[in-house]
Amino acid sequence: MTSFGRFVAAAHARGALVVQPRMGFSAPARMRSGLAATKAATDAVAGTLTIDSYTRVCDEPSAVRALGEGIPLNGYPITSYSPGTSRWVLDGLADDTFPVQVRHGSASPQRIVAALARLGLTATEGGPVSYCLPYGRTPLVDSVRNWRETCERLAALRADGAEPHLESFGGCMLGQLCPPGLLVALSALEGVFFHRAGLRSVSLSYAQQTSPEQDRQAIRALRRLAAELLPDTDWHVVVYTYMGVYPRTTPGAHALLADSADLAVRAGAQRLIVKTAAEAHRIPTVAENVRALRIAAESARRAAATTGAEDDDGSANPVYAEARALVDAVLDLHTDPGSALLKAFERGYLDVPYCLHPDNAGRSRSHIDADGRLTWSNIGAMPIGRVAGRSGARLTATGLHDALTFVQRRYDHPDTRTEDAGTSSADVPLLQEV
């Protein structure tokens, strides 16, 4: 099977942005129909198996019990079904024209990776920081060890002729209110961690934020860092459609989705994780996912047909300067990237704002400035004082609410609030973003 990375590169070479849904259902027949609909949605699309919450935390007994009682899970329990069942889900769908990535949100992913490898799948995502801090209280030292073992397990698949692919979730920390310099640095650092552990095909992520100009700077900064830090590596950048409070109107949601595709193309990313008009209300149906994929693909085609990707003109990029300062400071702490990450969080060199994990210093704070850019109000102990813009502004409870709903309010302008996305569904509860 063609590797995930080579599939994305081939699509990019012919001028197409790969679009991909978040999709995971516990019923095998429904999961299979979702993959089939995804494959038929557009001409450059990747499939997704999103894993349920029980499996993420290694609680297979609860997953099996729920399945036995007919209780739907919020994802596909890959370690609870037999390999034969999962092969049936994928049979005739996963191939060179339609790679399937397993997405999960686990700080202990060894069993999940072993299960996907048994199925002949080779692509997944996560990371020692990005799949630890947002999702629970697993000690960071345990997550680093687990992810080192996972990377080595994936890298070993090359012995069978595969080219495994791992995507960093580092550019999506907490979904919003994390300034882009830190998102870019975390994604790049996880990419270095993957590379040192033996992987040669990776993707680095960035989640669309509050300022289109700042987002373009961030994606270009991530591409530049990848080129500098990942030699002899097949890499690409994946953009996530905005992961914070989503527009509640269908026109607003579709406009935000279209803008994320336009952003991805113009800034030189090669893949987009989409969201649907149902995101503000409930888990989306298969049909809603297909519609989102088609909207994103069409917006990407329009962007490519007009100006295409905009080259970096070499001018000063404040996001790159901030991210590079963080990356250099962290990698100077230890020759092993995992040990460097642990020391960085111990010293507060990396500090995710509003993150409550015990291993996060919790001293940094951010806000949205008058131009809509995410900026620091407090950098804590992060070594970016010379390059980071700071305002000293303090967020009140009202200010925090306004910041969290900034994008939603912008896109749900009264002039576009003509069609509601609906609120009822028999679907299972929405997964935390992965």
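Our structure's up above, just so we're on the same page.
Residues numbered from 1 in each chain as written. Predicted model: local features only at pLDDT ≥ 70, side-chain atom pairs only at ≥ 80, totals over all residues. Heavy atoms only, no water.

Peer 1: I'd like a rundown of the environment of Tyr320, residues and numbers included.
Peer 2: As for its placement among the helices and strands, Tyr320 is situated in helix α12 (residues 318-331). Expressed as a C-alpha distance, the spacing of Tyr320 and Pro180, which sit 140 residues apart in the sequence, is 9.2 Å. Among residues more than four places away in sequence, those in contact with Tyr320 are Ala221, Arg224, Leu225 and Glu228. (Helix = DSSP H or I, 4+ residues; strand = E, 2+ residues; numbered from the N terminus. Contact = heavy atoms within 4.5 Å.)

Peer 1: Summarise the side chain of Ser366; cite the residues concerned and give the values.
Peer 2: Here Ser366 is to be found in strand β9 (residues 365-368). Judged by its relative accessible area of 0%, Ser366 is buried. In terms of polar contacts, Ser366 uses its side chain to reach the backbone carbonyl oxygen of Leu177, at 2.6 Å. With residues up to four places along the chain from it excluded, the contact list for Ser366 reads Leu177, Pro179, Pro353, Tyr354, Leu374, Thr375, Trp376, Ser377 and Leu395. (Buried < 20%, exposed > 50% of the residue type's maximum accessible area, 1.4 Å probe, protein only. Polar contact = N/O pair within 3.5 Å; in protein donor to acceptor, adjacent residues only side chain to side chain.)

Peer 1: Talk me through the pattern of salt bridges; I want residue IDs and the actual numbers.
Peer 2: Counted under the stated rule, the structure contains 15 salt bridges. A salt bridge links Arg145 to Asp142; the shortest N-O distance between them is 3.2 Å. Of this pair, Arg145 and Asp142 both sit in helix α7 (residues 140-155), three residues apart, which is roughly one turn of the helix. On the basis of relative accessible area, Arg145 is assigned to the partly exposed category, the value being 40%. The partly exposed category is assigned to Asp142, whose relative accessible area is 23%. In this structure, Arg271 engages Glu167 in a salt bridge whose closest nitrogen and oxygen atoms are separated by 2.9 Å. Here Arg271 is found in strand β8 (residues 271-273), whereas its partner Glu167 is found in strand β5 (residues 165-168), with 104 residues between them in sequence. A relative accessible area of 0% places Glu167 in the buried class. Ionic contacts of the salt-bridge type, sharing partners, join the residues Asp43, Glu298, Arg301 and Arg302 into one network. (Salt bridge = Lys/Arg side-chain N within 4 Å of Asp/Glu carboxyl O.)

Peer 1: Describe the packing of aromatic side chains, and please don't skip the residues or the numbers.
Peer 2: The final tally for this structure, using the stated rule, is seven aromatic pairs. On the numbers, 5.3 Å between centres and 35° between planes, the contact of Tyr76 with Tyr81 is tilted. A relative accessible area of 1% means that Tyr76 is categorised as buried. On the basis of relative accessibility, which here comes to 18%, the residue Tyr81 falls in the buried class. On the basis of an interplanar angle of 85° and a centroid distance of 5.4 Å, the ring pair of Tyr131 and Tyr135 is categorised as edge-to-face. Assessed through its relative accessible area of 0%, Tyr131 is described here as buried. Members of the aromatic cluster, each reached through a chain of ring pairs, are Tyr131, Tyr135, Trp147, Phe169 and Tyr240. (Phe/Tyr/Trp six-rings, centres within 6.5 Å; stacked < 30°, edge-to-face > 60°.)

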